[in-house]
Amino acid sequence: MHEILEFARILIVLAAGFTLAVVSSKVTERIPVPAPAIFLFAAAVASDVVPSLSGVLSIRDVERISVVALILILFQGGMHVGYRRLRESVTPIVVVGVAGTFLTAGIVALAAHYLTGVTWTTAAIIGTALAPTDPAVVFSVLGRREVAGRTGTILEGESGANDPVGIALMLGVLELATGDGGSVGGVAVSFLLEMGVGVAAGIAGALLLLRFMRHVGLPSEGLYGLRTLGAAGLIYGAATLLHGSGFIAVFVAGILIGDANAPYKAEIERFHASLASLAEIVVFTALGLTITLSNLSAQNIWLDGLILALILAFVARPLAVGALLMPVRLRAGERLFVMWGGLKGAVPILLGAFALLAGVPDAGRVYSIVFVVVAFSVVFQGATIPLAARRLGIPMRVLEPEPWDLSIRLRREPRGVQRYVVGRDAQAHGVSIRDLPLGEKAWISLVIHDGAPRQARGSYVIEAGDEVLLLAESEESGHMQRIFEGSAPPRPVE
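This structure is a prediction, so every number in the text was calculated from the model and none was measured. (Residues numbered from 1 in each chain as written. Predicted model: local features only at pLDDT ≥ 70, side-chain atom pairs only at ≥ 80, totals over all residues. Heavy atoms only, no water.)

Engineer: Hey, could you go over the overall build of the protein chain for me, with residue numbers and the actual values?
Structural biologist: Assigned secondary structure in the protein chain consists of 17 helices and 7 strands. Looking at the protein chain as a whole, 49% of its 494 residues are labelled buried. In the protein chain, the share of contacts with a sequence separation of at least 24, taken over all contacts with a separation of at least 6, comes to 81%. About 23,600 Å² of surface is accessible on the protein chain, with carbon and sulfur atoms providing 63% of the total. (Helix = DSSP H or I, 4+ residues; strand = E, 2+ residues; numbered from the N terminus. Buried < 20%, exposed > 50% of the residue type's maximum accessible area, 1.4 Å probe, protein only. Contact = heavy atoms within 4.5 Å. Areas by Shrake-Rupley, 256 points an atom, 1.4 Å probe, with all protein chains shown as cover.)

Engineer: Provide a residue-level description of empty space enclosed by the protein, including the pertinent values.
Structural biologist: Tallied over the entire structure, the rule returns 2 cavities of 30 Å³ or more. Looking at the largest cavity, its volume works out to about 50 Å³. Along the walls of the largest cavity sit Ala309, Leu312, Ala313, Arg317, Met339, Gly342, Lys344, Val373, Phe376, Ser377 and Gln381, which together make up its complete lining. If you list the elements that add at least two residues to the lining of the largest cavity, you get helix 12 (301-324) and helix 15 (363-383). In the lining of the largest cavity, the residues fall into 6 nonpolar, 3 polar and 2 charged. By volume, the second largest cavity amounts to about 30 Å³. Lining the second largest cavity, in full, are Val96, Gly100, Thr101, Thr104, Ala131, Thr133, Glu158, Asn162, Arg317 and Val321. (1 Å grid on protein atoms, 1.4 Å probe; cavity = no way out; pocket = protein on both sides within 12 Å on 5 of 7 lines; lining within 4 Å. Points joined across faces, edges and corners; volume = space filled by probe spheres on them. Nonpolar A, V, L, I, M, F, W, Y, C, P; charged D, E, K, R; others polar.)

Engineer: Lay out the pattern of salt bridges in plain terms, naming residues and giving numbers.
Structural biologist: One pass over the full model with this rule turns up 8 salt bridges. Note that Arg85 and Glu156 form a salt bridge whose closest N and O atoms lie 3.2 Å from each other. In this pair, Arg85 is assigned in helix 3 (residues 59-88) and Glu156 in helix 7 (residues 149-177), connecting sequence segments 71 residues apart. Residue classification places Arg85 among the partly exposed positions, given a relative accessible area of 23%. Glu156 sits in the buried class, given a relative accessible area of 8%. Linking Arg270 and Glu267 is a salt bridge whose minimum nitrogen-to-oxygen distance equals 3.9 Å. (Salt bridge = Lys/Arg side-chain N within 4 Å of Asp/Glu carboxyl O.)

Engineer: So what's going on with the environment of Thr116? Residues and values would help.
Structural biologist: Here Thr116 is to be found in helix 4 (residues 90-116). Its relative accessible area of 13% is what places Thr116 among the buried residues. Sequence separation between Thr116 and Gly305 is 189 residues; the distance between their C-alpha atoms is 9.1 Å. Those residues in contact with Thr116 that lie beyond four places of it in its chain are Ala111, Asp304, Leu308 and Arg365. Side-chain polar atoms of Thr116 contact the backbone oxygen of Ala112, separated by 2.3 Å. (Polar contact = N/O pair within 3.5 Å; in protein donor to acceptor, adjacent residues only side chain to side chain.)

Engineer: With reference to specific residues and values, describe the pairing of strand 6 (residues 467-472).
Structural biologist: Burial along strand 6 is one-sided: Val468, Leu470 and Ala472 are buried, while Glu467, Leu469 and Leu471, pointing the other way, are not. Here strand 3 (residues 417-421) runs beside strand 6; their pairing, made up of 5 bridges, is antiparallel. Across the sheet, the residue bridging to Val421 is Glu467, located in strand 6. Bridge count between strand 4 (residues 442-449) and strand 6: 6 bridges; the pairing is antiparallel. Residue pairing for strand 6: Ile448 is matched across the bridge by Glu467. (Pairing = 2+ DSSP bridges.)

Engineer: Account for the environment of Gln76, with residues named and values stated.
Structural biologist: Mapped onto the elements, Gln76 comes out in helix 3. For the pair Gln76 and Ala273, spaced 197 residues apart in sequence, the C-alpha separation works out to 6.1 Å. Aside from chain neighbours lying at most four places away, what touches Gln76 is His272, Ala273 and Ala276.

Engineer: How would you explain unusual backbone geometry if you had to name every residue and give the values?
Structural biologist: Positive phi, close to 65 degrees, is recorded for His243, a residue that is not glycine. Among the structural elements, His243 can be located in the loop between helix 9 (222-241) and helix 10 (246-258). Judged by its relative accessible area of 60%, His243 is exposed. Its identity as a non-glycine residue notwithstanding, Asp362 has a phi of 65 degrees, on the positive side. Tracing the chain through its elements places Asp362 in the loop between helix 14 (346-358) and helix 15.

Engineer: How would you explain the nonpolar core if you had to name every residue and give the values?
Structural biologist: Counting 116 residues, the largest nonpolar core has Ile125, Ile126, Ile167, Phe247, Phe337 and Phe371 as the members making the most contacts within it. Of all the elements, helix 15 adds the most residues to this core, at 13 residues. Filtering out sequence-adjacent residues up to four positions away, Ile167 remains in contact with Leu70, Phe247, Val347, Leu350, Leu351 and Phe354. Ranked by size, the runner-up nonpolar core spans 18 residues in total, among them Ala426, Leu436, Ile444 and Phe484. (Core = buried A, V, L, I, M, F, W, Y, C linked by side-chain atoms within 4.5 Å.)

Engineer: Pulling in residues and values, what's your account of helix 4?
Structural biologist: Taking 1.5 Å per residue, 27 residues should reach 39 Å; helix 4 reaches 37 Å between its end C-alpha atoms and fits that length. The largest bend in helix 4 is about 35 degrees, located at Gly100. (Expected span 1.5 Å × (residues − 1). Bend = angle between axes of the 7 residues up to and from the residue.)

Engineer: Describe the environment of Leu234, listing the residues and the values that go with them.
Structural biologist: Here Leu234 shows up in helix 9. Overall, Leu234 belongs to the exposed group, its relative accessible area being 65%. Considered as a pair, Leu234 and Gly205 are 29 residues apart in the sequence and their alpha carbons are 8.4 Å apart.

Engineer: Describe in detail a nonpolar patch on the surface, supporting the description with residues and values.
Structural biologist: Among the surface-exposed residues, Trp302, Leu303, Leu306, Leu310, Phe314, Val315 and Leu319 lie close enough to one another that they form a single nonpolar patch of about 610 Å² accessible area. Counting through the fold element by element, Phe314 comes out in helix 12. (Patch = residues over 30% accessible without salt bridge, like charges linked within 9 Å, V, L, I, M, F, W, Y side chains within 5 Å.)

Engineer: Which residues make up the packing of helix 8 (residues 184-215) against helix 10, and what values do they have?
Structural biologist: How two helices sit against one another is set out by the angle between their axes and by the gap between those axes. For the pair helix 8 and helix 10, the least separation of the axes is 7 Å and the interaxial angle reads 40 degrees. The orientation of helix 8 relative to helix 10 falls into the category oblique. Helix-helix and strand crossings are classified by hand; for helix 8 and helix 10 the assignment is right-handed. Facing helix 8, whose interface residues are Glu194, Met195, Gly198, Val199, Ala201, Gly202, Ile203, Ala206, Leu209, Leu210 and Met213, helix 10 presents Ile248, Ala249, Val252, Ala253, Leu256 and Ile257. For the contact of helix 8 with helix 10, the residue count by class is 14 nonpolar, 2 polar and 1 charged. (Axes fitted to C-alpha atoms, helices over the stretch in contact; angles between N-to-C directions. Parallel < 35°, antiparallel > 145°, perpendicular 65-115°, else oblique. Left-handed = near helix turned anticlockwise from the far one by under 90°.)

Engineer: Talk me through the confidence of the model for the protein chain; I want residue IDs and the actual numbers.
Structural biologist: With 86% of its residues at a pLDDT of 70 or more, the protein chain shows a mean pLDDT of 83. Looking at the elements of the protein chain, mean pLDDT is at its lowest for strand 7 (residues 491-492), recorded as 45, and at its highest for helix 5 (residues 120-130), recorded as 94. In the predicted structure, residues 488-494 sits below a pLDDT of 50 and forms 29 contacts with residues beyond four places in sequence or in another chain. (pLDDT = per-residue confidence, 0-100.)

Given below as structure tokens:
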């Protein structure tokens, strides 16, 4: 009987935490602070008030939780970016994601050594831990608004690239710091091998998964999301066992899956988006439970963390990212927003756990500094993101909830069916359906205006923002795209 009561208490706590995590999005609609930050501070305060909570999770637990969370976050992030969007901005994403990580880590390491007095080894570990970014936190701040255009693509793609790069770099730095027989040349070769094997494993895994998604049916639509979840874990595990980066593998796989047509694709994407949001909150909660706030005053750790957070936000990232974005065609406001939007999230927490588990000198100090910098980034820097977007003229779109889903289930792939959202500069904007140059091989079957279906009568005038369901021959897709969306790619019907 005692065991049942004890388990009931644990279940109540877990269920309450899960419920709070789900409804926290309503809080962040009114307060410009990401939901993970709320859980970070709540967990940290709770572990101080109830000391027994600080021993609930070990650093090994935090590491494993972070790994699982990052698999979910990177796979969903890759699907959200998709190959079409990535292709338009692949050069700045790769350059900023790879070279920007090294430059940011180097600048922060210099600041850590000269301003906080730590050794060069500890400074390198701190710089590497704080270099990767997490735009999922940015979009949590924005709430129901999403950064549109190339700016959002660069931010999301850069994070997907710099997370695996930062993890691989940290493993190399720790190998040098612990004297495990590594050399700078050996670490460089190992880094390139991890990236190459990870990309190859991600491509191979995505191709295999796509065949299963398209040709192997399941008895219930709820199983399709679980299948891709299991596949993401398999891709990560296979890449890691092959001595590659499992994180870059799942990100690449997500990118290739993102634009592919497959049964129940919309349901799969919603399933993974929910899991990724929950995973971010779980990681921040784990960090909070393993931090003792009263210890931050020892050796002025909070002051060191604050100094490095300011250096990172106002010096390191602007210098590194600003320089690398100079050749890219962006407005000044877009460039500044990308420089400011590099908020910290799950990866620095994982890298701080790596340092503790490796047993390097001052690892506890590194972990505490990571807490301070992440807290500053998501709370103070994150609170300015909506204001920065407005002042810098960053285009955003409001993602209104759509609780009613009217769909038609088909046994075969609906070839020739495309969905378009009409752009303001599109040829169709302000033109009646009968006057559109659609030809004889295409016709509009349905128009969605302000969330309500409209009959596709010839007299109906198409407006910007209308969603159009179109039937056309495949060879007409490019022509239809130019009419309704300009240069933007059409949305495949799932």
